[in-house]
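# Survey of secondary and tertiary structure
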Amino acid sequence: MTRSLAGRAITLACCILSALAALAAPARAQETTVKIGYAIAKTGPNAPGAGVTTLPNYQLWVKTVNDAGGLNVGGKRMKIEVVEYDDRSQSEETVRAVERLATQDKVDFILPPWGTANNLAVGPLFHRYGYPQLAGTSVTDRAADLAKRWPNSYWLLGTGGEYAEALASLLDKLRGEGKIGDKVAMASIADGFGIELASAGRAALTKHGFKLVYDETYPLGTQDLAPIVSKAKAASPDVFIAFSYPPDTIGISAQAQLIGFNPKVFYAGVGVAFPLYKERFKGAAEGVMSLGGIHAGNEAVKVYIARHKEATGREPDRWASLVTYASLQALQQAIEKAGSIDKAAVSKELSSGTFDTILGKFAFDKTTRKIPGFFTVGQWQNGEFVGLVPGDAPGAAQPVLPKPEWPKAN
Amino acid sequence: MLIDAILSGLTLGGMYALIAMGLTLQYGVARILNLAYGEVVIAASFAAYLLITATGIGPLAGLLLIVPASFALSWGIYRLLLLPLVRRARNRGTLEVDSILATFGLLFVVQGLLLIVFGGNYTSYSYLNTAVEVLGTTVSANRLVVLATALILGVGFYLALMRTRTGTALRAVAVDPVAAALVAIDVRWAAGLAFALGGALAATGGVLVSMMLTFSATIGVVFTMKALIVVIMGGVGNVLGALIAGLILGLAESFVATFGDPGLTLAATYALFLAILLFKPEGLFGRAGR
């Protein structure tokens, strides 16, 4: 009898204590912190992409804000508290985690997941719960439609068509200057981003009167790229374009170097703007073109690269990393301008305001909701991946042509 | 063009074979369908990367260090993790199911460790990416090394299994563990040896392919899948079968990419796989070759 009584007492005490603890924790947290959550691939096939472009920038931004004392919300300093989920590279898991962030963790803001498909998958949820969605790693031709359907969504990297058109018009200009002919060889990966860019590329190249002397696709995970590069070389094109993913970008480049495939323009896809590419190819990267590019002389960009390296141990990639970080700076400034963490007020600031970021001062494009004017075509020049197109953007470099021949591989 | 396709196919096939030979030993003799196999391959790739970036020791010299380490680790894994499963398994079927579940867990443990230590990034380095002229076409030296290693190991293991006493014991266990025990073969020792040898082969494959592929901590399952296809095509437990099946697969992919469309390589792989399963479900060299 006494024993069970004592048992009951202990149980009761535990209940009370845990209830108290549960009450105390959020009460303390709510006053001084902003809860920001995200679901991202830390494991599975998307982990490398998210690990290069998205996650380090989230971490860097949170660190920067918290080191400075927190977000300045209506004169009060509020530190960021992070709620992070691993979506294991499965979109269903991403959707579930975002739902949980919104309904159970009740976070103040949600940062978007990595990749185009995931952002499309969580778009309805962000919309339903009223969170702004600053998708920094999504390239989609439906950006304008999506922005109309989900007014708080931002498709920052723009459309595949823009990248294709930017490249084609650059090639057109170079042809006009007599630097290249009109033979183009194109290889592309048969997966979301590669398909979108390849079809846009085909259309743009044809429109500008280029001849496609080689045009083939290969499946995801192709490990032997030698036949593709050999066939492209046999077509002796002036321009080689590969809309590829990082592992095949490196494979194609290595094979081209090996067999001495030296077209005047060598353009490869995702991965060229990664610091890995420079580490892997060193001087041989010189002259290779791809998506992205930076204003190398810009002080803010230089500081950003140095801080990224210091905080995460690695340099950022020269494309979507900067866009992602700029979007976080915009979010921060929108919160501070709104002077509140009310989602509607912040969304209003985002859609109407001008922001001062590492990509310069900008307002989001009204129709496609991208960051206007950042570089869509870049080239490795003197050890830095500099932006070429748009040519009138601050810091735009002149293309170096023809691409220097690949040095002998080691 | 023809010679291009043949060489490219042989080097690719050599890589497939090299990766698959360890799995065929582990599955054929030790009866462990090791789903963490690809993770072991990738762990060895990272070890090679670490060696060359931190100490400047090239991957070929690194083999001397990494392969014995993997052998020892695999032996340890077998003794500690898998032997309890072997002990309580009533028959081969339960052992296979149990080992699939256990190694599925092991997959995440190894992958998690790699993610913690190396992060989720793509990793690549350049080694022996020198052009070599063979029959008028250019191949990279590292691919030739992979092909040569696969041939040497494939034939070497085949001879060792056929000609030595230990090899005979391993084959006996593969055919019938109960009968093998009756003729005084220490079945658990033999199975452990096969599992450890499989681990050593996986590490060899991992170190060598790291010279030419871009890898990341989460890519292991790709290797497990490819290896499994090769193992089943070649006949479970047959090292020479794995070598030949790997080469056939590589040649098929290369020919389709060169004379057809690179988009059809996967379709070709699976069509070949399906055909073999339909007409020779025990694999090209199933049973007979052991």
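An account of the accompanying structure is given in this report. Remember, it's a predicted structure, so these values are computed and weren't measured experimentally.

## Notes on the sheet that holds strand E1 (residues 33-40) of chain A
Residues and elements named next belong to chain A. As summarised here, the arrangement of the four strands in space is E2-E3-E1-E4, forming an open sheet in which the pairing is mixed. Edge positions in the sheet fall to strand E2 (71-73) and strand E4 (109-111), since each has one partner strand and no second. Across the sheet, the mean angle from the axis of one strand to that of its neighbour is 35°, orientation sign disregarded. Where E1 lies against E4, three bridges are found, and the strand directions are parallel. Looking at the pairing, Tyr 38 lines up with Leu 111 of E4. Its contacts with the sheet place helix H3 (residues 55-67) against E1, E2, strand E3 (76-86) and E4, and it is angled at close to 155° to E3. Seen against the sheet, helix H13 (residues 320-338) touches E2 and E4 and runs at an angle of roughly 30° to E2.

## Focus: helix H5 (residues 141-163) of chain B
Residues and elements named next belong to chain B. In this model H5 runs 32 Å from its N-terminal to its C-terminal C-alpha over 23 residues, within 8% of the 33 Å that 1.5 Å per residue would give. Of the positions making up H5, those classed as buried are Ala 141, Asn 142, Arg 143, Val 146, Leu 147, Thr 149, Ala 150, Leu 153, Gly 154, Phe 157 and Leu 161. Considering only its buried residues, H5 is in contact with helix H1 (2-28), strand E1 (131-134), strand E2 (137-140), helix H6 (165-175), helix H8 (187-209) and helix H10 (239-259).

## Here we look at a nonpolar patch on the surface
Residue and element names in this part refer to chain B. Together, Val 221, Val 222, Met 225, Leu 266 and Tyr 270 line one region of the surface with nonpolar side chains, adding up to about 410 Å² of accessible area. Listing elements by their share of the nonpolar patch, those giving two or more residues are helix H9 (220-234) and helix H11 (265-279). Top contributing element to the nonpolar patch by residue count: H9, with three residues. If you trace the backbone, Leu 266 turns up in helix H11. For Leu 266, a relative accessible area of 34% puts it in the partly exposed group.

## Things to note about the nonpolar core
One finds A:Leu171, A:Ile241, A:Trp319 and A:Phe364 to be the most contacted residues of the largest nonpolar core, which totals 113 residues. Looking at this core element by element, the count peaks at 10 residues for H13(A). Excluding residues that lie within four positions of it along the chain, A:Phe364 makes contacts with A:Leu134, A:Tyr154, A:Leu156, A:Ala330, A:Leu350, A:Phe355, A:Lys370, A:Ile371 and A:Pro372. One finds B:Ile19, B:Ala48, B:Val146 and B:Ile185 within the second-largest nonpolar core, a separate group that totals 74 residues.

So, how was this worked out
- Residues numbered from 1 in each chain as written.
- Chains lettered and ligands numbered in written order.
- Predicted model: local features only at pLDDT ≥ 70, side-chain atom pairs only at ≥ 80, totals over all residues.
- Heavy atoms only, no water.
- Pairing = 2+ DSSP bridges.
- Helix = DSSP H or I, 4+ residues; strand = E, 2+ residues; numbered from the N terminus.
- Axes fitted to C-alpha atoms, helices over the stretch in contact; angles between N-to-C directions.
- Contact = heavy atoms within 4.5 Å.
- Expected span 1.5 Å × (residues − 1).
- Buried < 20%, exposed > 50% of the residue type's maximum accessible area, 1.4 Å probe, protein only.
- Patch = residues over 30% accessible without salt bridge, like charges linked within 9 Å, V, L, I, M, F, W, Y side chains within 5 Å.
- Areas by Shrake-Rupley, 256 points an atom, 1.4 Å probe, with all protein chains shown as cover.
- Salt bridge = Lys/Arg side-chain N within 4 Å of Asp/Glu carboxyl O.
- Core = buried A, V, L, I, M, F, W, Y, C linked by side-chain atoms within 4.5 Å.

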